[in-house]
Amino acid sequence: MSLILTPNIPTPDDFYEKLIETHRGLTDEQSRDVNCKLVLLLANHIGDLPVLEQALAVARDGYE
Amino acid sequence: MLQTYSYPEFPYVQPPEQASGQLVRKTAVVVGAGPIGLTTALDFASRGIPVVVLDDNNTVSIGSRAVCYAKRPLEVWDRLGCADRMVDKGVSWKIGKVFRDEEQVYQFDLLPEADHKYPAFINLQQYYLEEYLLDRAKDFGDLIDIRWKNKVVSLKNNADHVRLSIETPDGIYDMEADWMVACDGAKSDIRSMIGAEFTGQFFQDRFLIADVVMKADFPAERWFWFNPPFHRNQSVLLHMEADNVWRIDFQLGWDCDPDEEKKPEKVIPRLKAMLGEDAEFELEWVSVYQFACRRMKSFRFGRLFFAGDAAHQVSPFGARGANTGVQDSDNLGWKLKLVIDGLAPDSLLDSYNAERIYAADDNLKNSTRSTDFISPKSPVSKAFRDAVLDLANRHSFARPLVNSGRLSSPTPYAVSPLNTPDSDSFAGKMLPGTNCADAPVRVNGADGWLLNQLGDGFTALYFSADGSVPADLAALAGAPVPVKTIVVGGGLEDVKGLVTERYDGTPGTVYLIRPDQHVAARFRHFDAARFSAALNTALGKN
Ligand SMILES: Cc1cc2nc3c(=O)[nH]c(=O)nc-3n(C[C@H](O)[C@H](O)[C@H](O)COP(=O)(O)OP(=O)(O)OC[C@H]3O[C@@H](n4cnc5c(N)ncnc54)[C@H](O)[C@@H]3O)c2cc1C
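As the structure is a computational prediction, the values presented were derived from the model and not from experiment.

Chemist: Pulling in residues and values, what's your account of the sheet that holds strand β15 (residues 235-240) of chain B?
Modeler: All names here are of chain B. The strand order across the open sheet built from seven strands is β6-β5-β14-β15-β16-β13-β17, with neighbouring strands paired in mixed fashion. On the outer flanks of this sheet lie β6 (103-109) and β17 (281-289), each paired with one strand and no other. Taken pair by pair, the neighbouring strands of this sheet meet at an average axis angle of 15°, ignoring direction. Looking at chain direction, strand β13 (residues 207-214) and strand β16 (residues 245-251) are connected through seven bridges and run antiparallel. By the bridge assignment for β16, Val213 is matched with Val245. Here helix α11 (residues 379-394) sits on the sheet in contact with β5 (95-100), β6 and β14 (222-226), set at roughly 85° to β6.

Chemist: A description of the sheet that holds strand β4 (residues 91-93) of chain B should follow, citing residues and the corresponding values.
Modeler: All names here are of chain B. Pairing in this open sheet of three strands is antiparallel, and the strands run β3-β7-β4 from one edge to the other. The strands lining the two open edges of the sheet, one partner per strand, are β3 (68-70) and β4. If you compare each strand with its neighbour and ignore which way they point, the axes differ by 30° on average.

Chemist: I'd like a rundown of unusual backbone geometry, residues and numbers included.
Modeler: Residues and elements named next belong to chain B. Positive phi is not limited to glycine here, since Asn233 has a value of about 70°. Looking at the element boundaries, Asn233 is found in the loop between β14 and β15. Here Asn233 falls in the exposed class, since its relative accessible area comes to 59%. Its identity as a non-glycine residue notwithstanding, Asp243 has a phi of 65°, on the positive side. Within the fold, Asp243 resides in the loop between β15 and β16. The partly exposed category is assigned to Asp243, whose relative accessible area is 27%.

Chemist: Tell me about the domain arrangement of chain B, and please be specific about residues and values.
Modeler: Many authors give the size of an interface as the accessible area that is lost as the parts come together. Residues and elements named next belong to chain B. One can read the domain layout of chain B as domain 1 (16-89 + 122-199 + 293-348), domain 2 (200-291) and domain 3 (440-538). Between domain 1 and domain 3, the residue contacts involve 12 residues of the former and 12 residues of the latter. For the pair domain 1 and domain 3, the number of links is zero salt bridges. Viewed at the interface, domain 3 and domain 1 are joined by five residue pairs in polar contact (both at pLDDT 80 or more). Elements supplying a minimum of two residues to the side of domain 1 that touches domain 3: α3 (71-79) and α9 (321-340). Residue contributions to the side of domain 1 that touches domain 3 peak at five residues, all from α9. Of the residues that constitute the side of domain 1 that touches domain 3, the class distribution is four nonpolar, one polar and seven charged.

Chemist: Pulling in residues and values, what's your account of α3(B)?
Modeler: When you tally the buried positions in α3(B), you get nine out of nine residues, the bulk of the element. Just downstream of α3(B), Gly81(B) is the residue with a positive phi angle, here 85°.

Calculation criteria
Residues numbered from 1 in each chain as written. Chains lettered and ligands numbered in written order. Predicted model: local features only at pLDDT ≥ 70, side-chain atom pairs only at ≥ 80, totals over all residues. Heavy atoms only, no water. Pairing = 2+ DSSP bridges. Helix = DSSP H or I, 4+ residues; strand = E, 2+ residues; numbered from the N terminus. Axes fitted to C-alpha atoms, helices over the stretch in contact; angles between N-to-C directions. Contact = heavy atoms within 4.5 Å. Buried < 20%, exposed > 50% of the residue type's maximum accessible area, 1.4 Å probe, protein only. Domains from an automatic or database assignment. Salt bridge = Lys/Arg side-chain N within 4 Å of Asp/Glu carboxyl O. Polar contact = N/O pair within 3.5 Å; in protein donor to acceptor, adjacent residues only side chain to side chain. Nonpolar A, V, L, I, M, F, W, Y, C, P; charged D, E, K, R; others polar.

Take a look at the structure:
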């Protein structure tokens with residue numbers, strides 16, 4: 001399997017709203033903690049190292 | 001500080017060559033009488049190679065340093081005839097628990113499989129280990145010549161021998177060695193003498209290591225805390241040793257003064273915070289370490305080899321230092337013997353480099369990963385670490401990510417030039433290059449263990465339907481490089497069926513096992529040509 005880079009969330013605005021909502025009222029530090037947990041949860045859900053490696057590379061794209 | 005152990009002081013005797021002024025060429029010289037130098041000397045002597053051991057000191061390891069020894073080194077020491085004493089004195093354990101704050105987040109069992117002769121781990125102070133190795137060395141008489149207060153001060157590495165200058169209380173004398181093994185520890189003088197690099201990383205963190213004498217009712221388990229209430233924002237490790245001694249490691253961070261931290265007035269309050277105000281204990285040994293993970297580029301320089309900490313150094317999380325060093329010795333002895341006897345080409349010795357560098361890299365990788373988890377290097381690394389620990393409390397998925405040290409296990413020589421890759425199909429964990437699994441057996445009516453049946457040389461492990469052995473296989477016992485056959489279903493009774501299970505030994509199956517108890521090749525049916533080709537491969541003849 002390779003990383004899906006085309007739209008895959010049926011209702012993107014709903015997701016985005018919930019993502020921002022999740023962080024509402026949190027300090028930067030708390031938000032970072034939530035983001036870390038989110039990454040770990042989603043990574044485990046995907047559970048496929050090659051796909052995760054692609055995601056890591058795409059996420060870092062543009063930084064040296 | 002309280003001494004539960006009295007350090008022996010070994011006598012210095014002026015070396016005969018120094019007294020006579022003669023330059024003598026020795027077969028093998030080992031520099032360093034630490035765990036690895038002593039194991040190397042025992043292995044050499046057990047194979048009939050006479051060996052001189054030079055050590056600049058005259059006692060065993062001051063302070064314990066290493067505490068945890070894994071099953072595989074115990075099997076090696078058993079082959080060398082000294083493991084049982086270690087197990088008897090040591091504390092056997094297999095359960096590890098990881099705590100965060102007040103709660104346990106994770107527990108692991110290191111030996112989920114029963115029916116192995118040796119436990120997953122024992123804890124034993126390094127000075128006892130060295131004492132027992134030294135006692136065993138005495139059994140070899142003149143084959144092992146240990147010289148205390150003999151410090152190697154310079155060296156010339158020639159094509160066909162090494163020339164050493166050695167300093168003793170009586171001055172300096174020279175010696176030549178056909179072969180030499182540098183086991184002189186992480187600060188190796190020998191390494192500097194040949195100008196070899198030792199590269200890797202130092203971690204920006206310090207650890208207080210205390211051996212504490214106390215009567216306590218902690219179980220014989222490895223307990224690791226992240227951020228415990230008694231030592232906030234750092235980690236702590238607790239281990240039971242022999243003689244009511246407990247090993248406690250406190251992570252200190254980078255901004256501390258190592259000399260201050262060693263003082264009892266600093267150490268005791270830390271221990272009281274952990275053990276309670278009223279706890280009765282005495283300090284036995286205290287030290288502060290900064291850990292590093294690094295190795296030499298090559299472990300072989302012609303006739304000079306490096307082994308143990310001199311060749312590779314790891315942070316102690318995972319107890320990989322001495323444990324892997326012993327496997328260096330295990331790997332080198334039989335190869336050197338065959339080359340000395342003219343039965344294998346010099347290239348066999350290059351496989352020491354290939355196999356042990358492969359193992360060192362595995363250890364370095366694991367130790368580095370553990371250290372990165374325990375001492376996160378950046379704020380985001382720490383944020384991920386804390387997120388893992390938080391999640392692990394509630395969700396099992398995160399528990400395998402918790403890394404308080406991945407404990408030493410032997411690295412299979414998966415890509416060794418000595419392996420013959422499988423051409424038949426096999427189930428199970430044994431592969432060419434793995435060390436042999438143990439299992440209970442019965443031989444001549446007596447209960448025993450499979451590993452003890454393997455010879456000092458090559459062994460064929462043959463699974464027979466009716467007890468018979470192919471004549472060509474049996475005849476290999478008389479070959480120039482003899483192969484001893486042991487027969488499952490013949491002389492060797494597979495009492496619990498575990499040899500058959502662990503080796504996927506259907507009738508007719510044959511394994512070629514190296515003198516260091518690693519699988520070289522295996523076939524579903526014995527074929528003399530294929531088997532000899534595999535033996536040649538294992539002798540480095542390809
Ligand atoms: C705090 C701590 C905890 C550890 N815990 C564990 C553990 O639980 N399990 C584990 O497996 N490992 C552990 N280790 C690592 C372990 O202690 C080392 O890997 C082990 O001691 C290495 O053995 P060695 O024989 O290679 O070197 P060393 O033990 O360092 O011995 C080297 C010897 O060479 C001698 N020497 C040095 N220079 C010369 C010279 N020029 N001439 C002659 N002689 C010389 C020295 O006197 C010394 O006797 C730990 C280490 C530390 C610091």
